[in-house]
Amino acid sequence: MLLKGSKDVERLKGELESRYSRFDKEIVITTNATCCKLKKSKEVEEAFSRELKKIASTKKINMRLTGCLGFCEIEPIVIINPQGILYREVKPEDVAEIISESVLKDDVVTRLVYTSPSGSAYANKADIPFYKKQLRIVTGNNDIINPTSIEDYIAAGGYSALARVLETMKPDEVTEEIKKSGLRGRGGGGFPTGKKWETCLKAKEEDGVCYVICNADEGDPGAYMDRSLLESNPHSVIEGMIIGSYAIGSNEGYIYVRAEYPLAVEHVRHALQQAEACGCLGDNIMGSGHRFRIRVSRGAGAFVCGESTALMASLEGKVGRPRAKYVHTVERGLWNKPTTLNNVETWSNVPLIINRGAGWFAGIGTKGSKGTKIFSLVGKINNTGLVEVPMGMTLREIIYDIGGGIPQDKKFKAVQTGGPSGGCIPENLLHLPVDFDELSGAGSMMGSGGMIVMDEDTCMVDVARYFINFLKDESCGKCVACREGIKQMLHILERICGGQGKEGDIELLEELGAYCVDTSLCALGATAGNPVITTIKYFRDEYEKHIKEKQCPAGVCKALFQYSISTDDCNGCGACRAKCPVEAITGGKKEAHSIDLSQCIKCGVCFDVCRFDAVKKVPLKGAVL
Amino acid sequence: MINIKINSVPLEVEEGTTILEAAKKGDTPIPTLCHHPALDSFGACRLCVVEIHYGKRVKIVTSCNYEVWDGLEVFTDTDRVRKSRAMTLELLLARCPDVRMIKDLAREYGVKQGRFSEESDNCILCGLCVRICKERMGVGAADFVGRGVDMKIDTPYSRGSDACLACGACVTVCPTGAIDLEKRFSRNEPVPLKSVFNAGMSTKPVIATPFPQAVPNIPVIDSANCVYLRTGGCRTCETFCEAKAIDYDQKDETVEVDVGTIIAATGFDLYNPEEKPEYGYGKYPEVITGLEFERLVSASGPTGGKILINGKEPRKVVFIQCVGSREEGGKREYCSRVCCMYTAKHAHLVKERLKDAEISIFYTDLRAFGKGYEEFVNRVKDEGTTYRRRELNEPIEVTKKKGKLTVTAKGHPALEADMVILATAVVPREDSLELARKLNISLSPDGFFLEAHPKLKPVETLTGGIFLAGCAQGPKDIPDTVSQASGAASRAISILSKDTIMMEAITAAVNEAKCRGCGLCVEICPFNAIELKEINRLGYTVKVASVNEALCKGCGSCSAACLSQAVQQKGFTDTQILEAIRGIV
Ligand SMILES: Cc1cc2nc3c(=O)[nH]c(=O)nc-3n(C[C@H](O)[C@H](O)[C@H](O)COP(=O)(O)O)c2cc1C
Ligand code: SF4
Ligand code: FES
């Protein structure tokens, strides 16, 4: 099946459509991504296979094994088409019932439909609030594509953008189109993609050789948009890269993906083979004469290797350590040649823009930020998952309308965007739209799309400590500002959390944060101050409480409180006594229990197991929390 | 050319110049820690930050790796720059509170300790060692190990590296002295290059001027130890030499020159006192030779002129004269002639620098024979130096107990000493026999070159045109050497100044037809005037004697010895003499 141009692509697409239309029904099972695999989707898939064999003579059913549909919280998801019924957290034992009710008949198994935190049930995927407010243009095809099938991708319109570009557009016209679309890099920096390509093309004219790289290093804690895209729709990334290679005249590309993403690597490698077999990659792509190949390089999982110069050093086989970028990588990048590096999501957007036009894309979003952005919505939120929203949507809409708010009716405290180098945004700024410039203005950043929601039980000093600790582990250690600056910030934060904070610590942290911004070599160090600076900016009182009163208002910093059992509330059920790992709790049956503080390791198990709220956190100084 | 402004002062520099290089050209100081002109810039220490202005934007950049562009405005000492540098130094000071140069820099920027938790490292991870080893030496024996705050510089598996050349480049570039090459980096033992001129008491670089005021005063590369000549790496000196004078292709060469006369002024060696273990030389570092002491007190010496032994000023100093000289019936029966006076001088120098030093000199006979010498010795005695006589056949012993030296000599109390200085004998140069053979001159029984006549021809040798000067002929002090050298020079000049030289009227001549080529005359000629040469006699190549008339003194030894009467004195052949006798009779 060699594709020699748009005619072939269209013909194949037509063939596939008519092939699919011959089926009576379609069962979509999310089983081709890490998140669902972890939730035993394979067993569900096997159960369906078994059951479907039994009815094969009566109904023609297509089983489509897709990647991630974003709503990871309720996976494995099964969708029955054409009705569009969505079943959540399906187990093998549910399969027979689904087949008899929804496949053989058109009924709904009510007990398996999604119920929102507020209690409303939704049978149809399109009605679920989580999906309803999203604009899934990049991830939208995930539920009609089996990531290991290039045919599914082509049936969904894939590779038609590439065919169009090769047949009807000159390289600079492609770049122009991307420029017009207003697409900005999704990897964190938000640099205009078309401008990057243009500079690279110019530098390439002098040098003759240039490279295309896809950055799939994705190291932010809690973020997995890129993994999900590569696992669920690898061809969209590959097609974007091929179009990019044509625009800048490159013959060699790399996908730098962390080795901790084995499934993504597998799907990408498989997709590359298929693409080459179809003539979408190779010496003469679709008969156009354009030559381009992509290699997969697996990174060892250092956060800093996502930084462009470190990534390129790593690709060259050197230690992944950044260098100064006074000469940009688009001019001197991989092996000192002009290099275009873009994020997974950025590349995925490219075929869409070509297919639907720069104007359409530029119509979505805000003045400075066009298109959509995928966020991984995690933390204290009801609907954990990947959400794709148009730029300009407010944080509140994402958290409450799509994310379903905070579990257990706790109070929202802050949302952290931009990964470890981003910042924490407080409640009173939830009206901020997701927009590169607005988020930077608030001291955070868009980053690659991590969005961690925190509730009232979160200590903001502890959050800053957590991120700084992450950065301490991930700093490459090359430059003094980042290595020593982060180390000292961590010392100070640990001191504050440990009840040893002193007057002047806040100011010293601010000074160090500002110093890191000014003096660090790469963006890791230059943004390392953000978690500290924003938490101080928006939650200064919490710092002061820790330092002056030696209290942790959220009851997180263990050195600042102790557990105690209220004799009034304890009815002596013994649950805590049974669970305490160091046997520090004593008390007879039906008698109030007590904790031997000299033994207590403050693991908090008693606090969690007590159903009567009898276990209290008592500040070492001050009142009961 | 590119026009920039540094602190508002216009400057024109070449394209590709970094801000740091431009600032250097404009004499604007910028502190650096990880920069080295011979290495690629690294940009790690962040101390070299400066502020750049373009349009309305102001940015902090590191000057060591930021290339200038036309119209660039740089400010090297703004508040923001100073603040950044001060914080860098404060952080480094917390990491390395004991490193001198960080302390000094911190003080310069008004940084005080105390705000941060301290460690006690002395490596600032500037990476100079790693980079010079990799980039220049082409070895890469050590590298950064680990990441982030755990990063350190180490060899693979923390084991001494086999690949390490022990060249010491890393130690040289390390700004904090953190590298222990021997214990940590290398499995190969570093061999410090001893400065021969400083009697091995200091080290020298591979490329160095042999000694101050050397002629010519030009550095030379020690080719046996130069890393470039050994492995092809390094070439660092080339980067630094602005005159582009480094030439790695130069080789030792043998030069042949035609000369009319030769003056053998090859000097002397010093007796190795290790041959007399009783003095403890080589065993105790506190026992040194007079020459070593000479370097120790020299302003250009290893201690810059401070008298230090084991890093401390000695309080009790003992000199011992005649070490190896005047051995009755031994190899060196002669007096070395200079030791009495230089020991007196040394005693005077000790007194001059260390007022309270207690000085004793063991001597055998005080030979203060020159002009003003006796007076000088008396002055030294007056300064408080104790002269103690000892007999040469009564050995002196130097021993050490609990770190203290004791000098025991018959008839004297045992003396404690912090330092013992041996006046070692002047001995003929090791190669004097070889040279004598080459020049065809003789050695006297003591091994020095033999003069033609001890009284009448003290600068000549028995070989015409070859003269002697200085200690090559026998121990002597500087005034004597200068006098003899002047004599030798004028003798040489008197030959060289003439267009023709007068030969002996009567010289030997060979009758080639008679000569059998036995070579007896060649051996017998005291002036080396005869050699064998090849001639063609009736179609055969035969050897016959040939006389160098310039050397022949007409002494007649050859003609007396010749068995075939082939060598005869010109005008005095046997026939002529016999005829003359017959005529008279
Ligand atoms: C410490 C650090 C980590 C980064 N990690 C990633 C990453 O995991 N994925 C990514 O796409 N970009 C990452 N970036 C941003 C890249 O340097 C680069 O800006 C981006 O890949 C460019 O692609 P874009 O223009 O499409 O965003 C990181 C940057 C820094 C400073
Ligand atoms: S800022 Fe941090 S990660 Fe970046 S080069 Fe410096 S030490 Fe390495
Ligand atoms: S000298 Fe420029 S960063 Fe170290």
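Let me begin by describing the structure that accompanies this report. Quantities reported herein were computed from a predicted structural model and do not represent experimental measurements.

To continue, consider the overall build of chain B. Assigned secondary structure in chain B consists of 16 helices and 25 strands. Relative to the 2.2 N^0.38 estimate, which gives 25 Å for 585 residues, the radius of gyration of chain B is 35 Å and therefore markedly larger than a compact globule would have. Principal axes of the C-alpha set define a box for chain B whose edges measure 125 × 75 × 50 Å. Of all 585 residues assigned to chain B, the portion counted as buried reaches 43%. By sequence separation, contacts in chain B at least 24 residues apart represent 59% of the contacts at least 6 residues apart.

Attention shifts here to the overall build of chain A. When you go through chain A residue by residue, the secondary structure sums to 24 helices and 19 strands. Since a compact globule built from 625 residues should have a radius of gyration of about 25 Å, the 27 Å found for chain A is in line with a globular shape. In chain A, which comprises 625 residues, the proportion classed as buried is 60%. A separation threshold of at least 6 residues defines the contact pool for chain A, and within that pool the share at least 24 residues apart is 70%. Here chain A contributes 79 positive and 80 negative side-chain charges, whose respective centroids are spaced 2 Å apart.

Glancing now at the interface of chain B and chain A. How large an interface is tends to be reported as the accessible area lost when its parts come together. Every contact between the two is made by 30 residues of chain B and, on the other side, 29 residues of chain A. Both faces considered, chain B and chain A share a buried interface measuring about 2,800 Å² in area, 55% of it formed by carbon and sulfur atoms. Among the residues of chain B in contact with chain A, Arg46(B), Arg147(B) and Val149(B) are the three that bury the most area, contributing 24% of the side total. Along the contact surface separating chain B from chain A lie 17 residue pairs in polar contact (both at pLDDT 80 or more). At the level of secondary structure, the elements contributing two or more residues to the side of chain B that touches chain A comprise strand 4 (57-62) and helix 2 (79-95) of chain B. For the side of chain B that touches chain A, the leading source of residues is helix 2 of chain B, giving eight residues. For the side of chain B that touches chain A, the class distribution of residues is 17 nonpolar, seven polar and six charged.

Quick look at unusual backbone geometry now. The residue after Glu75(A), namely Pro76(A), is reached through a cis peptide bond having omega -5°. Val215(B) connects to Pro216(B) through a cis peptide bond whose omega is -5°. Along the chain, Pro216(B) falls in the loop between strand 8 (207-208) and strand 9 (220-221). Within the chain, Lys602(A) stands out as a residue other than glycine whose phi angle is a positive 55°.

Next up on the list: the pairing of strand 7 (residues 211-216) of chain A. Residue and element names in this part refer to chain A. Burial of strand 7 is extensive: six of the six residues sit out of reach of the surface. The alternating pattern of strand 7 places Tyr211, Ile213 and Asn215 on one face and Val212, Cys214 and Ala216 on the opposite face, and all of these are buried. The pairing of strand 7 with strand 8 (residues 252-258) spans six bridges and is classified as parallel. Across the sheet, Ile213 pairs through a bridge with Tyr254, a residue of strand 8. Sheet analysis places strand 7 next to strand 10 (residues 339-343), joined by five bridges and oriented parallel. The residue bridging Ile213 from the neighbouring strand is Leu341, located in strand 10.

Around ligand 2, 13 residues are found, and the nearest of them are Cys476(A), Cys479(A), Cys482(A), Cys522(A) and Gly525(A). Residue composition of the shell around ligand 2, grouped by class: eight nonpolar, four polar and one charged.

We now examine the site of ligand 1. All names here are of chain A. By nearness alone, 19 residues border ligand 1, and Gly187, Glu218, Asn342, Asn343 and Thr346 come closest of all. Interatomic distance of 2.6 Å between a backbone N/O atom of Gly187 and an oxygen atom of ligand 1. Asn343 has a polar side-chain atom sitting 2.6 Å from an oxygen atom of ligand 1. Notes on ligand 1: free accessible area 610 Å², of which the protein chains cover 90%. Elements supplying a minimum of two residues to the shell around ligand 1: strand 10 and helix 21 (523-527). By residue number, the principal contributor to the shell around ligand 1 is strand 10, which donates three residues. Of the residues belonging to the shell around ligand 1, the class tally is four nonpolar, ten polar and five charged.

Conventions and cut-offs
- Residues numbered from 1 in each chain as written.
- Chains lettered and ligands numbered in written order.
- Predicted model: local features only at pLDDT ≥ 70, side-chain atom pairs only at ≥ 80, totals over all residues.
- Heavy atoms only, no water.
- Helix = DSSP H or I, 4+ residues; strand = E, 2+ residues; numbered from the N terminus.
- Rg over C-alpha atoms; globule rule 2.2 N^0.38 Å.
- Buried < 20%, exposed > 50% of the residue type's maximum accessible area, 1.4 Å probe, protein only.
- Contact = heavy atoms within 4.5 Å.
- Lys, Arg positive; Asp, Glu negative; His and termini not counted.
- Charge placed at Lys NZ, Arg CZ, Asp CG, Glu CD.
- Buried area = accessible area lost by both parts, 1.4 Å probe.
- Polar contact = N/O pair within 3.5 Å; in protein donor to acceptor, adjacent residues only side chain to side chain.
- Nonpolar A, V, L, I, M, F, W, Y, C, P; charged D, E, K, R; others polar.
- Pairing = 2+ DSSP bridges.
- Near = heavy atom within 4 Å.
- Areas by Shrake-Rupley, 256 points an atom, 1.4 Å probe, with all protein chains shown as cover.

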